Amino acid sequence: MHVVTAFLVLGVSSLAQRADSTRWQREAQRVTIIRDDWGIAHVYGKTDADAVFGMEYAQAEDDFNRIETNYLNALGRLAEAEGPSAIYTDLRMRLFVDPDSLRAQYHRSPPWLKALMNAFADGLNFYLSTHPAVKPRVIRRFEPWMALAFTEGSIGGDIERVSVTDLAAFYGGAPAGAVPARGDGSFVEPGGSNGIAIAPRLTRDHHALLWINPHTSFYFRSELQMASDEGLDAYGAVTWGQFFVYQGFNQRCGWMHTSSGVDNVDEFLETVTPRGGRYYYRRGRQELPVVARTITVAYRTDGGTAHRRFTAYYTRHGPVVRKIGDRWVSVSLMQSPVRALIQSYARTKAKDYAAFRNIMESHTNSSNNTIFADAEGNIAYLHSNYIPRRDTAFDWTKPVDGSDPATDYRGVLAFDETPNVVNPSVGWVYNSNNWPWSAAGPDSPRRSAYPRYVETGTEETPRGQHALRLLPPAATWTMDSLMAAGFDSYLPAFERMVPRLVAAYDRLPAADSLRTRLADQAAELRVWDFRWGASSVATSLAVFWGTDVVGRVADEARRAGLSGVSYAAERASDTELLASFAAASDRLTADFGTWRTAWGAINRFQRLDDAIAPHFDDAQPSTAVPFTASVWGSLAAFAARPYPGTRKWYGTAGNSFVAVVEFGDSVRARAVTAGGESGEPRSVHFADEVDRYVTGRLRDVYFYRSQLVGHTEREYRPGE
């Protein structure tokens, strides 16, 4: 009987595999992939689903490992690949992502969306079936519902606001050691991006311009084009494994997302009482049962797969994630995967501002602001459009009393209740992860007109100051001048900070040893024009000093409610400023033989392999990068630091995909991707864009199929 059953199972399995293979082959025949001379995939399908099938296949060709890793993260299965160190990271995801719920939501999705999700899974599974040498770490078969676990393409989603350390302390019963510390004393580079849109009346050719400049970890997104006979034709940056262009443009409009300072993730203090083997929490005069759910996290061990079971707790606000004193803390954040996926995909097919605006009625763009431009000449700054309406009597940046009914949400703010800017008279909009109160200069929203929780920023950022300096009206903007602005070398943070340092030096008594020891260094900075450059010694001095002093005053700045830059520029003592200056000079001398070391000799781009956790080697070739981290106000960002065994600083984040777009009768664009498109070190496209990346010489984008003539490296169907 058991033998018969086994044969039946094998037979059914074989039939299913043949059916899958037949379906995939049929889908592949409806897709054409053209690789241009930079290795960029241009995917053409008869239907949108065909284009999704082809673009997932093309992404997998370029870097399957990053696709799988993204879904291991999104599904809470990273520990199955990486072991016990990822257990609590997985638990955090699993508090919000339930596979059974996502399967049910997939089945209830609109037919057109189900077709896209089916194509997403089919494209990846067809790739694996035709590339047997590729060995997934965990996911050997992708399911359509998995697309609902990863609907928002930014570098860090809302869930990452939940502390893994606090989560491990609550559910693990002991202080969590699961979060590795940096351990190198360096401060964290602020993440984010730059977006600029300029109206036709300020441009030489009377066409709207858009600057797309996300700052992310390198190699976080693919660059590609996806097009179909059903009206899809989008180009840009696609987060590995997703099936929509996250930052990019179509023939009629373009969109650039920047991380928002909105306060839309809230913590609630819960008053919990155990009774009769259950927990109850208070709401007004009521006591409601805490919902308990068992979550099993699988993890890799030397002996195979093991499992850790947790009892997770939920209130009406959301999952419990930590404890303050004797009160539990639950967290509320946006969870609408179907609507979020619809919004992310549908905006790629919008043809003008009206259509894009209508799509935002989904209210699921939670962690991003958007800079928009279209061929009709519309430009806009659009604020995060998932903002719960709340009682402004509470400070929502801190946990609020969940037992007080006054803390209940009252729906979400309507589009017109958020600080957006559409077609301002000044003729431009921008955002650099700063507040919206300067998004259009004099035409910006007024802070007093909105609830405090729409934006948490407390001061203008150095990048904001830089953009405002560049953007005053001029009727001659072109793609070239916008590119030049995006790589302008001014560092406004140091224009504020360095004069205080020089003044502190000038106040030193004549007999003070620092006066002699730092004389040449002070002279170098005294005449500096506050601009970065690969040959600039002053840039090296300033960055090493700024890094030290901002770290030195970090606690004081936090208590004062100021950024480290502002505190150093306004309140730091002469002793703090000069001690950091001496330390920076000594470190430069120790690491490079002299403090007179040019910035380009320190700040380097290197890509040795495609490891997600990169390593670097001073003995291997690398390329000088002239621009700095964005914390100093550089719009072109390169977040670098030394790594174990290195003295040079190597970048891992900052400018990633960069593009400038002009919307006229036809669309024109130029772009560059950090390193190159391929994750295969043996590919010519692994590092063929490095020189353009470090110099800001963006290459032409071949948006129209006719432009690929003479620029085609390969044309094929998936599986060929």
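Residues numbered from 1 in each chain as written. Predicted model: local features only at pLDDT ≥ 70, side-chain atom pairs only at ≥ 80, totals over all residues. Heavy atoms only, no water.

Turning our eyes to something else, we now look at the pairing of strand β9 (residues 266-270). When you tally the buried positions in β9, you get four out of five residues, the bulk of the element. Pairing analysis gives five bridges linking β9 to strand β16 (residues 327-332), with the strands arranged antiparallel. Among the inter-strand pairings, D266 is bridged to a residue of β16, identified as S332. (Buried < 20%, exposed > 50% of the residue type's maximum accessible area, 1.4 Å probe, protein only. Helix = DSSP H or I, 4+ residues; strand = E, 2+ residues; numbered from the N terminus. Pairing = 2+ DSSP bridges.)

With respect to the helices and strands, A199 occurs in the loop between β3 (192-198) and β4 (208-217). You can call A199 buried: its relative accessible area is 11%. Separated by 54 residues in sequence, A199 and C253 place their C-alpha atoms 13 Å apart. With residues up to four places along the chain from it excluded, the contact list for A199 reads I379 and G427. (Contact = heavy atoms within 4.5 Å.)

On to the packing of helix α14 (residues 519-526) against helix α15 (residues 537-552). The contact between α14 and α15 brings their axes to 9 Å, and the two run at 110°. Viewed along their axes, α14 and α15 adopt a mutual orientation that is roughly perpendicular. Mapping the contact onto sequence places Q521, E524 and L525 in α14 and V537, A538, L541 and A542 in α15. (Axes fitted to C-alpha atoms, helices over the stretch in contact; angles between N-to-C directions. Parallel < 35°, antiparallel > 145°, perpendicular 65-115°, else oblique.)

Scanning the model with the defined rule gives 44 salt bridges in all. Between R66 and D610 there is a salt bridge; the shortest N-O distance is 3.1 Å. Of this pair, R66 sits in helix α2 (residues 48-75) while D610 sits in the loop between β22 (603-605) and β23 (623-624), placing them 544 residues apart in sequence. Of the residues examined, R66 reaches a relative accessible area of 8% and is grouped as buried. Close ionic contact of E143 with R141 constitutes a salt bridge, the shortest N to O distance being 3.7 Å. Overall, the relative accessible area of 29% leaves E143 in the partly exposed class. A relative accessible area of 39% means that R141 is categorised as partly exposed. (Salt bridge = Lys/Arg side-chain N within 4 Å of Asp/Glu carboxyl O.)

The strand order across the open sheet formed by ten strands is β20-β18-β17-β8-β7-β6-β5-β2-β1-β29, and the pairing between neighbours is mixed. Two strands lie at the open edges of the sheet, namely β20 (421-422) and β29 (712-716), each paired on one side alone. Bridge count between strand β5 (residues 221-228) and strand β6 (residues 233-239): seven bridges; the pairing is antiparallel. Across the sheet, M226 pairs through a bridge with A234, a residue of β6. Along the sheet, α2 makes contact with β1 (31-36), β2 (41-45), β5, β6 and β29, crossing β1 at roughly 55°.

Using the criterion set out here, one finds 49 aromatic pairs in the structure. Look at F544 and F592: their rings are 6.5 Å apart centre to centre, the planes differ by 75°, and that puts the pair in the edge-to-face class. Taken as a pair, F544 in helix α15 and F592 in helix α18 (residues 574-592) lie far apart in primary sequence, 48 residues in all. The class for F592 is partly exposed, based on a relative accessible area of 21%. Directly above the ring of Y505 sits R515, whose terminal nitrogen or CZ lies 5.3 Å from the centroid. Looking at R641, its charged tip hangs above the ring of Y643, at a distance of 4.2 Å from the centre. (Phe/Tyr/Trp six-rings, centres within 6.5 Å; stacked < 30°, edge-to-face > 60°. Lys NZ or Arg CZ within 6 Å of the ring centre and 35° of its normal.)

Once that is clear, we can look at the nonpolar core. Within the largest apolar cluster, 111 residues are counted, with the highest numbers of intra-cluster contacts made by F494, M497, W545, F605 and W632. The leading source of residues in this core is α15, at nine residues. When sequence neighbours within four positions are dropped, the list of residues in contact with F605 reads F218, Y219, S622, T623, V625, F638, A674, G675, V690, Y693 and V694. Counting 100 residues, the second largest nonpolar core, distinct from the first, contains Y71, L75, Y281 and V297. (Core = buried A, V, L, I, M, F, W, Y, C linked by side-chain atoms within 4.5 Å.)

In the contact formed by α15 and α18, the axes pass within 8 Å of each other and the chain directions differ by 130°. As summarised for this structure, α15 and α18 are arranged oblique, according to the angle between their axes. For the pair α15 and α18, the sense of crossing is right-handed. Each of S540, L541, F544, W545, D548, V549 and R552 in α15 lies in contact with α18, whose residues at this interface are E576, L577, A579, S580, F581, A583, A584, R587, L588 and F592. (Left-handed = near helix turned anticlockwise from the far one by under 90°.)

Time to look at helix α4 (residues 87-96). Of all ten residues making up α4, nine are buried, and the element is well covered by its neighbours. Every buried residue of α4 is accounted for by I87, Y88, D90, L91, R92, M93, R94, L95 and F96.

A few words on the side chain of S362. As for its position among the elements, S362 is in the loop between α9 (353-359) and β17 (368-374). The exposure class assigned to S362 is buried, which follows from its relative accessible area of 17%.

Mapped onto the elements of the fold, A147 is located in the loop between α6 (111-130) and α7 (164-172). If we skip the residues at most four places from it in the chain, A147 touches Y71, M117, F120, F243 and L341.

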